[in-house]
Amino acid sequence: MKRMKQIKFLNSQPTALAGIALLVFCSLGRTWAMQDSAAAQVSGVLKRWHKVTLSFQGPKESETGRKAELYWLSPFRDYRLRVTFTHVASGNSYQVPGYFAADGRAAESRATSGSVWRVHFMPDAPGEWRWTASFRQGRNVAVADDDLESQAAAFDGASGSFQIDGSDKSGRDFRAQGRLDYVEQRYLRFAGSGQYFLKGGADSPENLLAYADFDDTWSRKKGKAHSEHGEALSTGLHRYEPHIRDWQDGDPSWRGGKGKSLIGALNYLAGKGMNSVYFLTMNVSGDGDDVWPWTKPNEPFFYDCSKLDQWEIVFEHMTRLGLMLHVISQETENDALLDSGELGVQRKLYYRELIARFAHHPALVWNLGEENVNSERQRKAFASWIRQHDPYRHPVVIHTSPNDKQNVYPGLLGFRDLEGPSLQISPQTRVHADTIKWIERSAQAGRPWFVCLDEIGPADTGVKPDADDPEHFEVRWQSLWGNLMAGGAGVEWYFGYKYSHNDLNAEDWRSRDKMWDQTHYALEFFQRHLPFTQMSHADDLTITPDDYCFAKRGEVYAIYLPK
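If you're wondering where the values come from, they're calculated on a predicted model, not measured in any experiment. The numbering scheme is per chain: residues are counted from 1 as the chain's sequence reads. Reporting of local features is limited, given that this is a predicted model, to residues whose pLDDT is at least 70; pairs of side-chain atoms are given and counted only at 80 or more, and all residues count toward the totals for whole chains, interfaces and linings. Each side-chain value is derived from all of the structure's non-hydrogen atoms; neither hydrogens nor water enter the calculation.

Visitor: Talk me through the sheet that holds strand E24 (residues 548-552); I want residue IDs and the actual numbers.
Guide: Sheet architecture is open: three strands sit in the order E23-E24-E25, paired in antiparallel fashion. Edge positions in the sheet fall to strand E23 (536-537) and strand E25 (556-560), since each of these pairs with one other strand and no more. Two strands qualify as a pair provided that DSSP identifies no fewer than 2 bridges between them. Numbering of helices and strands starts at the N terminus; helices are DSSP runs of H or I of at least 4 residues and strands are runs of E of at least 2. Pairing of E24 with E25, which is carried by five bridges, proceeds in the antiparallel orientation. Across the sheet, the residue bridging to Cys549 is Ile559, located in E25. Here a residue-residue contact requires only that any non-hydrogen atoms of the pair lie within 4.5 Å. Axis geometry follows a simple rule: fit a line to the C-alpha atoms, using only the stretch in contact for helices, then measure angles between N-to-C directions, giving values from 0 to 180 degrees. Taken strand by strand, helix H9 (residues 473-484) contacts E24 and E25, and its axis lies near 15° from that of E24.

Laid out in structure tokens, this is it:
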């Protein structure tokens, strides 16, 4: 629920070299001979669902690029690392994108250059896995699906194998459950445990990654005197100081103790029984204007290696805690930022970097954008490109403004590369009916959506702090139970901009401590006491107009009485 302003990169290459598209291989300035059997360093825990990393020694480059003969070379755009992993027993194969990793330890060293090229893999079965690397160089090769205008480089053709054992994890750790999959039903299911997932978590702060302890992170709105209508007033970068006490010995940090407060905040949220966090990976010129993966907010071909490695430390901890990554790739103000809103080199590279660096996490959902205003053609193109290049086929969803659902969702019903809506609903009284509507319409279209409630209005209110609304009666009744008793897949809570610890400046998740409790109770009730995947809304079975009935008719009935 924000103002509608859009900006875009007309051409974000360095000005002196902008617009040159001619490819001449020799212009790369360096030639790497092919090696028949260049070895990779294999690291990580060699167990099912864990992250296995292959690191290669290749061309030495810089995250800021370098001048080639005819253009400014980007190690992210103008090289392409892909590794094919094949499970020997089953023959199942995954083609996984890799990325430029500077010196391989940038989270600690802050290195901006180096010769390490890296790929992360999540094996889904024990046994022997064989791998073969493809490494190409050429103009825009990173986003090309063929080899026509590129040439083999460095360790291209390298191969090897490793042995994977079963996972040794248990409890909330997603590596005990396996990959979270869309399975043609209205609930996601873990591929390892077979358990179905109901979401409960935080939608705020949306700029979670605007964190002072991440390298090269700053707010472009700091010191702004007034907020726009529909947004909070930015107060600078997050520090999450109230959550320092929640960091525990053995938890991760970086560069001499940085990151402890954000890690502590995630500990707190998981400790309250939550299992999901919503965050933007890019909000340039948006409400916060303080999150981007690049070296600068206007440099979409050059990625910040140390910052992104530090993000990964946080995401790894989220996986250990059982917190799903809900990745919001853009917001309404910057829907046209990359390639003027089209699927071009900038946007493809953005998605590719996110996939290469983070798709190995078992529980992850890609969101095409908050309050998205791209065209239907563009949305489908974005979703299909992600689906084609994400080896794990993580679910893809899309968020809309409250009154735009009827304009956005009908054209996506039945579309094979999108798995659900990310609902924003205002007023809350519409949650139950709207959840039912999109469950039923998607089922009728032949592709059932998992329907989550990810933001409630009005924008100035959302979920109030406990101090202002200790009971959370309306939210509990109309939004939390309204979604679940309709057959919805769960909720994330947005904090309204008129209240403390709001959508842009929330520092303490304890401000909604009682709302986390109520959410946990609801999820626990469904998981422990209901065969909820076999049940559906059945409000016609009761005469009370403001209750909810959820039933497996003839066997199990759950009735929610608000009062």
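Visitor: Tell me about the nonpolar core, and name the residues and values.
Guide: We define the nonpolar core as a collection of buried residues of types Ala, Val, Leu, Ile, Met, Phe, Trp, Tyr and Cys that are connected through side-chain atoms lying within 4.5 Å of one another. Between buried and exposed lies partly exposed: a residue is buried under 20% and exposed over 50% of the maximum accessible area for its type, with that area taken using a 1.4 Å probe on protein chains only. If you look at the biggest cluster of nonpolar residues, it comprises 150 residues, and the most contacted ones within it are Leu54, Phe56, Phe85, Trp131, Trp493 and Trp509. If near-sequence neighbours (up to four positions away) are discounted, Phe85 is found in contact with Leu54, Asn92, Ser93, Tyr94, Val96, Val119, Phe121, Trp129, Arg130, Trp131 and Phe162.

Visitor: Tell me about the packing of aromatic side chains, and name the residues and values.
Guide: Here a Phe, Tyr or Trp ring, Trp counted by its six-membered ring, pairs with any other such ring whose centre lies within 6.5 Å, and the pair is stacked when the planes are under 30 degrees apart, edge-to-face when over 60, and tilted otherwise. On inspection of all chains with the given rule, the structure shows 41 aromatic pairs. Seen from their ring centres, Tyr94 and Phe121 are 6.0 Å apart, and the 55° between their planes marks the pair as tilted. With a gap of 27 residues between them, Tyr94 in strand E6 (residues 93-97) and Phe121 in strand E8 (residues 113-121) connect regions that are remote in the sequence. Comparing Tyr94 with Phe121 shows no difference in burial state: the two are buried. Seen in terms of ring centroids, Phe135 and Phe155 are 4.3 Å apart; in terms of plane orientation they differ by 20°. Their pairing is stacked. Of this pair, Phe135 sits in strand E9 (residues 127-137) while Phe155 sits in the loop between strand E10 (151-152) and strand E11 (159-164), and the two are 20 residues apart along the sequence. Considered together, Phe135 and Phe155 belong to a single accessibility category, that of buried residues.

Visitor: Please set out the side chain of Ser306 residue by residue, giving values where relevant.
Guide: Along the polypeptide, Ser306 turns up in helix H4 (residues 305-321). You can call Ser306 buried: its relative accessible area is 2%. There is a polar contact of 2.9 Å between the side chain of Ser306 and the side chain of Asp215. Contacts of Ser306, omitting those with residues within four sequence positions, involve Glu63, Ala106, Ala107, Arg110, Asp215 and Asp216. Within 3.5 Å is the distance limit for a polar contact, defined as a pair of N or O atoms, with the added protein rule that one can donate a hydrogen and the other accept it, and that residues adjacent in sequence qualify only through two side-chain atoms.

Visitor: Requested: an account of the sheet that holds strand E17 (residues 324-328), with residues and values cited.
Guide: Overall, parallel pairing links the eight strands, which are arranged E15-E16-E17-E18-E19-E20-E21-E22 in a closed barrel. Across the sheet, the axes of successive neighbouring strands diverge by a mean angle of 25°, strand direction being ignored. Sheet analysis places strand E15 (residues 199-202) next to strand E22 (residues 490-493), joined by four bridges and oriented parallel. Bridge pairing in E22 places Lys199 opposite Gly490. Packed on one face of the sheet, H4 meets strand E16 (276-280) and E17 and runs near 135° to E17.

Visitor: Kindly report on the packing of helix H5 (residues 345-358) against helix H6 (residues 376-389), identifying the contributing residues and their values.
Guide: At a minimum axis distance of 10 Å, the contact between H5 and H6 shows a crossing angle of 40°. Relative to H6, the element H5 lies oblique. Here the hand of the crossing between H5 and H6 comes out right-handed. In contact with Arg347, Lys348, Tyr351, Arg352 and Ile355 of H5, H6 contributes Phe382, Trp385, Ile386 and His389. With respect to orientation, any angle under 35 degrees is reported as roughly parallel, any angle over 145 as roughly antiparallel, any angle of 65 to 115 as roughly perpendicular, and every other angle as oblique. By convention the crossing between two helices is left-handed if the near helix lies anticlockwise of the far one by an angle smaller than a right angle, and right-handed if it lies clockwise.

Visitor: If you had to explain unusual backbone geometry to someone new, which residues and values would you point to?
Guide: Of note, the bond from Ser204 into Pro205 is cis; its omega dihedral lies within 30 degrees of zero at 0°. With respect to the helices, strands and loops of the structure, Pro205 is situated in the loop between E15 and helix H3 (260-271). One non-glycine residue, Ala102, lies in the positive phi region at around 55°. Looking at the secondary structure, you find Ala102 in the loop between strand E7 (99-100) and helix H1 (106-109). In the Ramachandran plot, Glu184 falls in the positive-phi region, its phi being about 60° despite a non-glycine side chain. Positionally, Glu184 belongs in the loop between strand E12 (180-181) and strand E13 (188-190).

Visitor: Give a detailed account of H4, specifying residues and quantitative values.
Guide: The span one expects for a helix is its residue count, reduced by one, times 1.5 Å. Here H4 is 17 residues long and its end C-alpha atoms lie 25 Å apart, about the 24 Å a rise of 1.5 Å per residue gives. Burial runs high along H4: 15 of the 17 residues are buried. Looking one or two residues beyond H4, the residue adopting positive phi is Gly322, at roughly 80°.

Visitor: Provide a residue-level description of helix H10 (residues 513-529), including the pertinent values.
Guide: Residue pairs three or four apart in sequence face the same way in an α-helix, which turns once every 3.6 residues. The end-to-end C-alpha distance of H10, which contains 17 residues, comes to 24 Å, matching closely the 24 Å that a straight helix rising 1.5 Å per residue would cover. Looking only at H10, the buried set comprises Met515, Trp516, Gln518, Thr519, Ala522, Leu523 and Phe526. End-on view of H10: buried residues confined to an arc of 165°, all on one side of the axis. Among the exposed residues of H10, those oriented more than 90 degrees off its buried face are Tyr521, Arg528 and His529. On the buried face of H10, the contacting elements are E15, H3, H9, E22 and E24. Directions pointing from the helix axis toward each C-beta atom define the arc.

Visitor: Break down the pairing of strand E18 (residues 364-367) for me, citing the residues and quoting the values.
Guide: Here E18 shows a buried face lined by Leu364 and Trp366 and a second buried face lined by Val365 and Asn367. Note that E17 and E18 share four bridges and pair parallel. Its bridge partner lying in E18, His326 is registered against Val365. Bridge count between E18 and strand E19 (residues 396-399): two bridges; the pairing is parallel.

All quantities given are derived from atomic positions and should not be read as evidence of function.
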